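So the chains spell out like this:
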Amino acid sequence: MLTVLLVAPGYLFSGTFGKVVAIGGNPSDIALDEPRGVLYIANFTANRVEVMSLSDGSIQTSLNVASQPSALALSPDGHFLLVAHYGNFAAPSAPKNALTVVDLSSGSRQTLALTDPPLGVAFGIDGMALVVTSTEFILFDPLLGTSQVVDTIAGVIANLLPQKPGTFPPQIVAASVGASADKRHIFGVTDTILFSYDVIQRQVKAINYVASPPFGPRTVSVSRDGSYWLAGWGMFDNRGLLAQFPNPSGVLNIGGHAIDTERGIIYAQVPQAMQGSGTTTATRPQLTVVDADNLAIRETLQLPENLAGKAALSSDGGTLYAASDSGVLILAVGSLPSFHRISASVEDLAFRGNFCDRRVLTQTLTIVDPGGGHTSFSVSSPGAGVSVSPSSGVTPATVHVSVDLGSFQNQQGTTALPLKIVSSSAINVPRDVRLLVTMQDPDQRGTAVDVPGTLVDLLADPSRDRFFLLRQDTNQVLVFDGKTYRQLATLRTGNTPTQMAISFDRRYLLVGNDNSQVANVFDLETLEPDQPVRFPGGHYPRSIASTGNATLAATRVAGPTHKIDRVDMASRTASELTTLGVFENDIDVNTWLVASPNGARALAAEADGNLLLYDANVDTFTISRKEPAALSGAVAASSNDQFVVGNALLNASLVHTLNFDAGGGTTSGFAFLGDTAYRTTALTQSGPGVIERLNLATGDSIKSTRMVEAPYLGTLGAVFTRTIAPLYSRTAIINLTTSGFTVLPWDYDASVAVPHIDALVNAADGMKAVAPGGLITVFGRDLSPVNMATSERPLPTALGESCLTVNGQPIPMLFVSPAQVNAQLPWTAEGNMTMILRTPGGTSDSFNFPVSTAAPAVFRSGVAGPDTNIPTLVRAANNTLVTPSNPVHREDTLVIYLTGMGATFPTVHAGN
């Protein structure tokens, strides 16, 4: 009978998740015996196996066994517990390597000597145990006590005992073995080999590996059917490494993980290294809940102490048992909703100030406990000009965040500030909310669209009116429509995606990853995932470019030399190029590839100053040059044999022909367009950006124009950027910027006419009568340089570079276009009012109009069959429009969509 431990609040440290069970020694392995309701814990230093009750977490009894019990395995029928003893003592002491077979039915025990130190044990579905030693794979029959050698191992050096104080079992044994839940597959890792064992075929497959840092934590977790498994910081399937945890420290004795196949998640503690160091960060121990396909983080939980090796998940997925510093940590993962946690309702809060709005703006943020509990929290203000009220409370709570735009009046761009949410009682680590404060002067062009997350690449589809953003923190490609700028789809990538490319035949979107040895492939017609490209072992495709003859990838390689690989799309595999023509295949880890649109060339720019050029006509690299300084910034290639790296224009021999003005700061985006080009630059990420057309013959800037915010400027580990994408339809230019992306009209630098207002009506039925707080439509000429709608709440007071005021007060806007603006009147509007519209073209003449106390108007946007322009009266009984064939009945409840009802009680803030 299954027994599930329910962890009561008294078992927890404040703000941490899990119950610690101390065993008075160092754990080296665990084995879960659910039918008996116990967990077996190998106490390596105390020379015993602890037996812990699953019902209350107490140590019921201890099995005194031979010295140094290092690994445990329970037979599939629950009859035998097999204990491996790592007794690799150096002379003059004698080795004490052994196996102990414990008959759990009778309690009898038998200890058998081993010639070599055992590294791990696991049972298969056949009832036989695979014993891995430093020299052999041994198949052991616990019933008969007999064994046979399945295969041999070469190159594994076992550590000698005794070890220095402070050395833990995972560092001594330095190996781990685990079996799938169906017992058909066994996997393992040592210092030098990774191996798999097919129980049915009784066949071992082992490969030697080199890993930097070492595969730590030194433990193995396996999915239910053995289709994928984790060893240390890497996730594998039968073809190689799928993904890895980023920036691992490689420490063997800290951390652990377990796979929940049914829920598609992994519980893991894989400590990260400090920057520039191989040591573990000195933060409170944390358990991450990640997606099993690409290790994207769902949630981070605080632990009372570090995990320290093997973990086991109960059969119902409700409880996780893990070796830890003290012994065992019991985690009621299936009961997470009952624990105190904190989350925010949004990832970003965007405050858009502009040339006609310098008020104090307020937005609301909801703080909740995902489990519905009442959890205390506090919110800290990120700096001057920002206030939070209340700054502390108990969930659920609505927090008002106010930004005094006057405090940011000297800013012309977007400042990103972290709004930190903390809780002493929550077990999770709440994510910061990003506060975006944008100030836009009349000469700053573009409309910034908020897209949360870490965005690192931008690419327009050359055949379809849409564009792609690469969101690195969630391992996603975000697909946007090129007409409405609304998100169409979300595509899941490998871990830490770095760059996108479109195949030369325009059929596929390819995505390279920094922590997956695959390139993702998506069908551009269906936006569905296709079979990924597998790269050679140890090769991570960070940058991809597709020419008419070859698709190339610049790969980070586990080792000192990084390579360019060639992709075979037919087989979906990649292979390392032997040479790059007459040049060695040895590139900087920070290398960016870009292909010319006609598929003739591909440029490789390396951060260390090297440049390479691939010629598709002769299928080889024909040019290599070394720049005198490090390279960074924009990289681009034209179909006219011109290339750009940073501020330099290069010819077909990669010789400088022009150096563009560098006074505008770092070049982040560059796009060739016939004889001219677009370039974006910025001095800082929080200032305004600059976009300019360039004369490629002279290098002269044509109508340099400030943008609403700065383009993305890259990071230390990714110095090359692509932040500008002219759309296929030639209607707009998309830029990757601080908030997300910025839309510029195609003719952003053209002269703009002064706006002219012709008429103002209510937005429901088009009549002239309007009321306070009502939705209105303004008709006229040159009202906005672009078409733009917004889903932001509250509604912004500037949209598409247009700003509408009524009696001097900026009002919320829903939609702008050259001929029409949809907006909301202020709740304070009364009597005779004056409207003025401001755009980059200037200020409109005043438009006078009266406001009634109330002017109800029903929206006439209903459609029923061939009938249109139907009033939106809906019968609640069937949720359909009222029509002659669906008339109103006595006692019906009606839902009516209308505007112009006048003042509300309680008051509703404008824009909400």
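Engineer: Looking at this structure, I do not really get the overall build of the protein chain. What am I missing?
Structural biologist: Broken down by element type, the protein chain carries one helix and 87 strands. Against the 2.2 N^0.38 benchmark of 29 Å for 912 residues, the protein chain shows a C-alpha radius of gyration of 32 Å, consistent with a compact globule. When each of the 912 residues of the protein chain is scored for burial, the buried share is 56%. When contacts within the protein chain are restricted to residue pairs at least 6 apart in sequence, those whose partners lie at least 24 apart make up 53%. Surface exposure of the protein chain reaches about 35,900 Å², of which carbon and sulfur atoms provide 52%. If the 55 positive side-chain charges of the protein chain are averaged to one point and the 74 negative ones to another, these points end up 2 Å apart.

Engineer: In this structure, what is going on with the pairing of strand β65 (residues 701-707)? I would like to understand it.
Structural biologist: Along any regular strand the residues' side chains alternate between the sheet's two faces. Taken together, the two bridges between strand β38 (residues 444-445) and β65 define a ladder with parallel strand orientation. Each bridged residue has a counterpart across the sheet, and for Gln 444 the counterpart in β65 is Arg 706. When strand β64 (residues 690-695) meets β65, the two strands line up antiparallel, connected through four bridges. Counterpart to Leu 694 in the pairing with β65 is Ser 701. In sequence, β64 turns back onto β65 through a hairpin of five residues, with Gly 699 there showing a positive phi of about 85°.

Engineer: Looking at this model, I keep getting lost on the packing of aromatic side chains. Mind explaining?
Structural biologist: The relative placement of two aromatic rings is captured by the distance of their centres and the angle of their planes. The tally for this structure, following the rule as stated, stands at 15 aromatic pairs. The interplanar angle of 70° and the centroid separation of 4.9 Å between the aromatic rings of Phe 137 and Phe 195 together place this pair among those described as edge-to-face. Within this pair, whereas Phe 137 is found in strand β12 (residues 136-141), its partner Phe 195 is found in strand β16 (residues 193-198), the two being separated by 58 residues in sequence. Per residue, the accessibility class of Phe 137 equals that of Phe 195, and both read buried. Seen in terms of ring centroids, Tyr 614 and Phe 621 are 5.5 Å apart; in terms of plane orientation they differ by 65°. Their pairing is edge-to-face. As far as the burial class goes, Tyr 614 and Phe 621 line up, both buried. Connected via pairs of aromatic rings, a cluster forms that spans Phe 187, Tyr 209, Phe 215, Trp 229, Trp 233 and Phe 236. For Arg 572, the ring lying beneath its charged end belongs to Tyr 508, and the centroid distance is 5.0 Å.

Engineer: Quick question: what am I supposed to make of a nonpolar patch on the surface here?
Structural biologist: Residues Val 888, Leu 894, Ile 896, Leu 898 and Met 901 make up a contiguous nonpolar surface patch of roughly 410 Å² in combined accessible area. Mapped onto the elements, Leu 898 comes out in strand β87 (residues 898-899). Using a relative accessible area of 33% as the deciding quantity, one classes Leu 898 as partly exposed.

Engineer: Got a minute to help me understand the sheet that holds strand β36 (residues 414-422) in this structure?
Structural biologist: The five strands are arranged β30-β37-β36-β32-β34 in an open sheet whose pairing can be described as mixed. Two strands in the sheet have a free side with no partner beyond their single neighbour: β30 (348-354) and β34 (392-394). If you compare each strand with its neighbour and ignore which way they point, the axes differ by 20° on average. Bridge count between strand β32 (residues 376-380) and β36: three bridges; the pairing is antiparallel. Each bridged residue has a counterpart across the sheet, and for Ser 380 the counterpart in β36 is Lys 420.

Engineer: What is the right way to read the sheet that holds strand β58 (residues 633-637) from this model?
Structural biologist: Each strand in a sheet pairs with another by means of backbone hydrogen bonds, the pair being arranged parallel or else antiparallel. Taken in spatial order, the five strands line up as β61-β60-β59-β58-β66 in an open sheet, and their pairing is mixed. Where the open sheet ends on each side, the last strands, each with one partner, are β61 (656-659) and β66 (720-721). Here β58 pairs with strand β59 (residues 643-645) via three bridges, running antiparallel. When the bridges of β59 are listed, Ala 637 appears paired with Phe 643.

Engineer: I'm lost on the pairing of strand β57 (residues 620-626) in this one. Help?
Structural biologist: In this sheet, β57 lies alongside strand β56 (residues 610-615) in antiparallel orientation, the contact comprising six bridges. Looking at the pairing, Asp 615 lines up with Thr 620 of β57. Hairpin connection between β56 and β57: a loop of four residues separates the two successive antiparallel strands, and Asp 619 in this loop has a positive phi of roughly 55°.

Engineer: What am I meant to see in the pattern of salt bridges here?
Structural biologist: One pass over the structure, following the stated rule, counts 37 salt bridges. Between Asp 758 and Arg 781 there is a salt bridge, and its shortest N-O distance comes to 3.6 Å. Here the residue Asp 758 occupies a position in strand β70 (residues 756-762), and Arg 781 occupies one in strand β71 (residues 775-781), the gap between them amounting to 23 residues. One continuous salt-bridge network, built from bridges that share partners, spans Asp 291, Asp 293, Arg 298 and Arg 492.

Engineer: What's the story with the nonpolar core in this structure? I'm lost.
Structural biologist: Inside soluble globular proteins, nonpolar side chains tend to come together where they are buried. In terms of nonpolar packing, the biggest core is built from 57 residues, with Leu 509, Phe 741, Met 835 and Phe 849 touching the most fellow members. It is strand β40 (residues 455-460) that provides the largest number of residues to this core, a total of five residues. Filtering out sequence-adjacent residues up to four positions away, Phe 849 remains in contact with Leu 760, Val 770, Val 806, Leu 825, Gly 831, Asn 832, Met 833, Thr 834 and Met 835. Among the nonpolar cores identified, the runner-up in size contains 25 residues, and Phe 236, Leu 241, Ile 266 and Val 270 belong to it.

Engineer: What am I meant to see in the environment of Asp 845 here?
Structural biologist: In this structure, Asp 845 sits in the loop between β79 (842-843) and β80 (847-851). Taking C-alpha positions, Asp 845 is 9.8 Å from Thr 834, a pair spaced 11 residues apart along the chain. Apart from residues lying up to four places away in sequence, Asp 845 is in contact with Pro 755 and Met 835.

How each quantity is defined
Residues numbered from 1 in each chain as written. Predicted model: local features only at pLDDT ≥ 70, side-chain atom pairs only at ≥ 80, totals over all residues. Heavy atoms only, no water. Helix = DSSP H or I, 4+ residues; strand = E, 2+ residues; numbered from the N terminus. Rg over C-alpha atoms; globule rule 2.2 N^0.38 Å. Buried < 20%, exposed > 50% of the residue type's maximum accessible area, 1.4 Å probe, protein only. Contact = heavy atoms within 4.5 Å. Areas by Shrake-Rupley, 256 points an atom, 1.4 Å probe, with all protein chains shown as cover. Lys, Arg positive; Asp, Glu negative; His and termini not counted. Charge placed at Lys NZ, Arg CZ, Asp CG, Glu CD. Pairing = 2+ DSSP bridges. Phe/Tyr/Trp six-rings, centres within 6.5 Å; stacked < 30°, edge-to-face > 60°. Lys NZ or Arg CZ within 6 Å of the ring centre and 35° of its normal. Patch = residues over 30% accessible without salt bridge, like charges linked within 9 Å, V, L, I, M, F, W, Y side chains within 5 Å. Salt bridge = Lys/Arg side-chain N within 4 Å of Asp/Glu carboxyl O. Axes fitted to C-alpha atoms, helices over the stretch in contact; angles between N-to-C directions. Core = buried A, V, L, I, M, F, W, Y, C linked by side-chain atoms within 4.5 Å.

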